Amino acid sequence: MKLWGGRFTKEENQLVHNFNESLSFDQKFYRQDIKGSMAHVTMLAKQGIVTEEDKNAILQGLEGILKDLENGTLVFTEEHEDIHSFVEATLIGRIGEAGKRLHTGRSRNDQVALDMKLYCRDEIDETQELIKTLLEEILKIMEENLDTYMPGFTHLQKAQPVTLAHHMGAYFEMFYRDYLRLKDTWERMNYCPLGSGALAGTTYPLDREYTAELLGFYGPTLNSMDSVSDRDYIIELLGGLSTIAMHLSRFAEEIIIWNSNEYRFVELDDAYSTGSSIMPQKKNPDIAELVRGKTGRVYGALVSILTTMKGIPLAYDKDMQEDKELTFDAIDTVKGCLSLFAGMLSTISFNREVMADSAKKGFTNATDAADYLVNRGVPFRDAHGIVGHLVLYCIERDMALDDMSLEEFQSVSPVFEKDIYEAISMKTCVEKRVTTGAPGQEAMRKVIRVCGERLKEARRP
Ligand code: ARG
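What counts, and where the lines are drawn
- Note on numbering: residues in each chain are counted from 1, in written sequence order.
- Side-chain atom pairs in this predicted model are given and counted only at pLDDT of 80 or more, local residue features only at pLDDT of at least 70, and totals for whole chains, interfaces and linings cover all residues.
- The side-chain values count all of the structure's non-hydrogen atoms but skip hydrogen atoms and water molecules.
- Strands are runs of DSSP state E lasting at least two residues, helices are runs of H or I lasting at least four, and both sets are numbered from the N terminus onward.
- In this scheme, a residue with accessible area under 20% of its type's maximum is buried, one over 50% is exposed, and one in between is partly exposed, where area comes from a 1.4 Å probe on protein chains only.
- Pairs of residues are marked as contacts when any of their non-hydrogen atoms sit within 4.5 Å.
- What sets the accessible areas is the Shrake-Rupley method with a 1.4 Å probe; for residues, cover comes only from the shown protein chains.
- Neither His nor the chain ends contribute to the count of charged residues, in which Lys and Arg are positive and Asp and Glu negative.
- Here the site of a charge means atom NZ of a Lys, CZ of an Arg, CG of an Asp or CD of a Glu.
- Only Phe, Tyr and Trp rings take part, Trp by its six-membered ring, and two of them pair if their centres are within 6.5 Å. Stacked means planes under 30 degrees apart, edge-to-face means over 60, and tilted covers everything else.
- For a helix, the expected span equals 1.5 Å multiplied by the number of residues minus one.
- We define a polar contact as two N or O atoms separated by no more than 3.5 Å, with the added condition that, inside protein, one atom must be a possible hydrogen donor and the other a possible acceptor, whereas residues neighbouring each other in sequence contribute only through side-chain atom pairs.
- When DSSP finds two or more bridges between a pair of strands, those strands are recorded as paired.
- By convention in this text, a residue qualifies as near a molecule or strand provided that one of its non-hydrogen atoms is within 4 Å of it.
- Basically, the charged four are Asp, Glu, Lys and Arg, the nonpolar ten are Ala, Val, Leu, Ile, Met, Phe, Trp, Tyr, Cys and Pro, and anything else, Gly included, counts as polar.
- Salt bridge, as used here, is a side-chain nitrogen of Lys or Arg placed within 4 Å of a carboxyl oxygen of Asp or Glu.
- Nonpolar core, defined: a set of buried Ala, Val, Leu, Ile, Met, Phe, Trp, Tyr and Cys residues in which side-chain atoms within 4.5 Å join the residues together.
- Residues form patches when they are more than 30% accessible in relative terms and have no salt bridge. Like charges link within 9 Å. Nonpolar side chains (Val, Leu, Ile, Met, Phe, Trp, Tyr) link within 5 Å.
- To get an axis, fit a line to the C-alpha atoms, keeping to the stretch in contact for a helix; angles then go from 0 to 180 degrees between the N-to-C directions.
- Angle categories: roughly parallel below 35 degrees, roughly antiparallel above 145, roughly perpendicular from 65 to 115, and oblique for all the rest.
- Handedness of a helix crossing follows the sense of rotation of the near helix relative to the far helix, less than a right angle counterclockwise being left-handed and clockwise being right-handed.

J.: For this particular structure, what's the right way to read the overall build of the protein?
T.: Assigned secondary structure in the protein consists of 19 helices and 6 strands. Taken along its principal axes, the extent of the C-alpha atoms in the protein is 100 × 50 × 40 Å. Across the 461 residues in the protein, those meeting the buried criterion constitute 51%. In the protein, once contacts between residues fewer than 6 apart in sequence are set aside, the share between residues at least 24 apart is 76%. When the accessible surface of the protein is split by element, carbon and sulfur atoms take 52% of a total near 22300 Å². Each charge sign in the protein was given a centre, from 53 positive and 73 negative side chains, and these centres are 2 Å apart.

Right, here's the structure in full:
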């Protein structure tokens, strides 16, 4: 019999049960469900709504259920509709009458709203820890590669020289913003829906402030209808996770390109690559590709919940049960991607010479050659034209600007002198760029210091 069976005369059809049930997936937050019930009954006793004796029996019963679920002696059985019914029925089965008082002043609507929030809150904490680990890996690469020159790209065409530290610094910024975005979501959602009842509060003298405090919330939510039907925080969370997945996919794509035979900027550790079943020479970047690919299912979860929530009238509707599986999957997926990616980065090796050589061969110092002329009085438009000619000259001879003799330089413009070589060396090109955010060592060192401080401060207020 269902816990709501009183009003019903027929047994539920099996297909209906299967379609309606959520225990197969909401068992994932049994810990949060039990924790919420413990807080609820503690509050009920404080308010004199249940006796101390019943409270103690309920708390003990719940602790036993938690313990037995953890050690596997209690298993979920499919006749129960959801985790809430399962825990309540098990409790009543174990402690009898007192167990029947647990649900006083509570509905599954505010209960599920609470459980999901507690779950998401815990998962945000874990995801933030994983982002921190990734940021630490990135920062380490930055610190070690202040003078590892490489081409910076626009349109995937070599543009101007940068350093590996600078390139990695871009990802530090992205993932740090992701970290802050999750923090914002956590802060905004941290209000307790418990005590909102089915939709209109309850007639019992609940102390919602107290329950909220017991569960570590800033306070209770302020509208009972919104409390049971708000899923914004899940949308926000999935938005944040989608952005992480998007950033990871960009990073993964670069690793894949850099790992290709054509680039050879990086060498992936054997542990993070796989072979081919037919082509013996292959070492494929499967992990990076999977990380890139999994972005699809994370975006899918976001679009799915947005669509489910569209047009639902107040207050709770069963549509909302659809929030769970996709959210769980998106969280697990992003957490998996973050930890795999950090592991891959910690074992990657960079082919520094290949990178520097690539920067040199790609005319990334052409802008600096033009600036050289400008600093000697040539108008920029003319300088651009002169260097354009030089580039063409080099392309025809398969050489870099730096490989030209002074005579060759001077045959195109007499303004060039011996110091042109110094002026267009990778080192000069990079080191002259010292404004905040630029790749020059001086600027990068300051940024790295700030990044280190951000990591140190990255803890909850
Ligand atoms: N399994 C339900 C869900 O996930 C719990 C709430 C059920 N409430 C209800 N009125 N049927 O949304």
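J.: Sorry, what's going on with the packing of aromatic side chains here?
T.: Aromatic ring pairs are reported here in terms of the distance separating the ring centres and the angle at which the planes meet. In this structure the tally under the stated criterion is 19 aromatic pairs. Judged by centre distance (6.1 Å) and plane angle (55 degrees), the rings of Y30 and F76 are tilted. In this pair, Y30 sits in helix α3 (residues 30–46) while F76 sits in the loop between α4 (52–70) and α5 (83–95), placing the two residues 46 residues apart along the sequence. In this structure F76 comes out as partly exposed when scored by relative accessible area, which is 24%. With a centroid separation of 5.0 Å and an interplanar angle of 65 degrees, the aromatic rings of Y119 and F328 are classed as edge-to-face. Taken together, the residues span a long stretch of sequence, with Y119 in helix α6 (residues 108–144) and F328 in helix α12 (residues 323–346) at a distance of 209 residues. Accessibility assignment for this pair places Y119 and F328 in one class, buried.

J.: Teacher, can you tell me more about helix α10 (residues 232–258) here?
T.: Structurally, the α-helix is built with 3.6 residues per turn, so residues lying three or four positions apart point the same way. With 27 residues, α10 extends 39 Å from end C-alpha to end C-alpha; this agrees with the ideal 39 Å at 1.5 Å per step. In terms of residue burial, α10 counts as a mostly covered element, since 19 of its 27 residues are buried.

J.: Looking at this structure, how should I read α5?
T.: The end-to-end C-alpha distance of α5, which contains 13 residues, comes to 18 Å, matching closely the 18 Å that a straight helix rising 1.5 Å per residue would cover. Along α5, the residues classified as buried are I83, H84, S85, F86, V87, E88, T90 and L91. Note on α5: the residue one or two positions beyond its end, G96, has a positive phi of about 75 degrees.

J.: In this structure, what is going on with the side chain of S227? I would like to understand it.
T.: Secondary-structure assignment places S227 in helix α9 (residues 224–229). Here the side chain of S227 touches S196 through a polar contact of 3.2 Å, side chain to side chain. Side-chain polar atoms of S227 contact the backbone oxygen of N223, separated by 2.6 Å. When residues no more than four places from it in sequence are discounted, the contact partners of S227 are A113, P193, S196 and T221.

J.: How do you make sense of unusual backbone geometry when you look at a structure like this?
T.: Note the cis peptide between L314 and A315, where omega equals 0 degrees. With respect to the helices and strands, A315 occurs in the loop between α11 (286–309) and α12. The backbone phi angle of R264 is positive, close to 50 degrees, even though this residue is not glycine. Among the secondary structure elements, R264 is positioned in the loop between α10 and β5 (266–267). The class for R264 is partly exposed, based on a relative accessible area of 43%. For D398, which is not glycine, the phi torsion reads 50 degrees and is therefore positive. A relative accessible area of 72% places D398 in the exposed class.

J.: Is there a simple way to explain the pairing of strand β1 (residues 149–154) in this structure?
T.: On a regular strand, each side chain points to the face opposite its neighbour's, so the side chains alternate between the two faces of the sheet. Bridge count for β1 against strand β2 (residues 157–163) is 6 bridges, and the pairing is antiparallel. The residue bridging G152 from the neighbouring strand is Q160, located in β2. Adjacent in sequence and paired antiparallel, β1 and β2 are bridged by 2 residues, among which H155 carries a positive phi angle near 55 degrees.

J.: Is there a simple way to explain the site of the ligand in this structure?
T.: Close contacts around the ligand come from S22, D26, D82, H84, R108, N109, V112, Y316, Q321 and K324, and that covers them all. Y316 places a side-chain nitrogen or oxygen 2.4 Å from an oxygen atom of the ligand. Here a nitrogen atom of the ligand sits 2.7 Å away from a polar atom, N or O, in the side chain of Q321. Contact with the protein chains hides 86% of the accessible area of the ligand, taken as 340 Å² for the molecule alone. By residue class, the composition of the shell around the ligand is 2 nonpolar, 4 polar and 4 charged.

J.: What am I meant to see in the pattern of salt bridges here?
T.: Oppositely charged side chains can pair when the atoms bearing their charge come close. A full pass over the atoms with the stated rule returns 28 salt bridges. Among the salt bridges present, the one from E70 reaches R31, with a minimum N-O distance of 2.9 Å. Of the two residues, E70 is situated in helix α4 and R31 in helix α3; the sequence distance between them amounts to 39 residues. Of the residues examined, R31 reaches a relative accessible area of 46% and is grouped as partly exposed.

J.: Would you explain the nonpolar core in this entry?
T.: Soluble, globular proteins show a tendency: their nonpolar side chains are buried together. Formed by 96 residues in total, the largest nonpolar core has its most connected members in I138, M142, F175, W258 and F341. No other element matches α10, which puts 14 residues into this core. In contact with I138, not counting residues within four places along its chain, are M168, Y171, F172, F175, F251 and L345. The next biggest cluster of nonpolar side chains, apart from the first, holds 22 residues, and it includes A383, I386, L401 and F409.

J.: Please clarify how a nonpolar patch on the surface should be interpreted in this entry.
T.: Judged by side-chain polarity, L199, M225 and L314 come together as a nonpolar surface patch covering roughly 280 Å² of accessible area. Assignment of secondary structure puts L199 in the loop between β3 (191–192) and α8 (208–214).

J.: Got a minute to help me understand the packing of α6 against helix α7 (residues 164–189) in this structure?
T.: Each pair of packed helices can be described by the angle between their axes along with the distance between the axes. Two elements in contact, α6 and α7, have axes whose closest approach is 9 Å; the angle formed by their N-to-C orientations is 165 degrees. Looking at the two axes, α6 sits roughly antiparallel to α7. Of the two elements, α6 crosses α7, and the hand of that crossing is left-handed. Looking at the contact of α6 with α7 residue by residue, the class counts come to 20 nonpolar, 4 polar and 6 charged.

J.: What should I look at first to understand the packing of α3 against α6 in this one?
T.: Two elements in contact, α3 and α6, have axes whose closest approach is 9 Å; the angle formed by their N-to-C orientations is 120 degrees. By the criterion of interaxial angle, the relationship of α3 to α6 is oblique. In terms of crossing hand, the pair formed by α3 and α6 is right-handed. Contact residues: α3 offers Q32, D33, K35, G36 and S37, while α6 offers Q111, L114, D115, L118, Y119, R121 and D122.

All we've got here are geometric facts, nothing functional implied.
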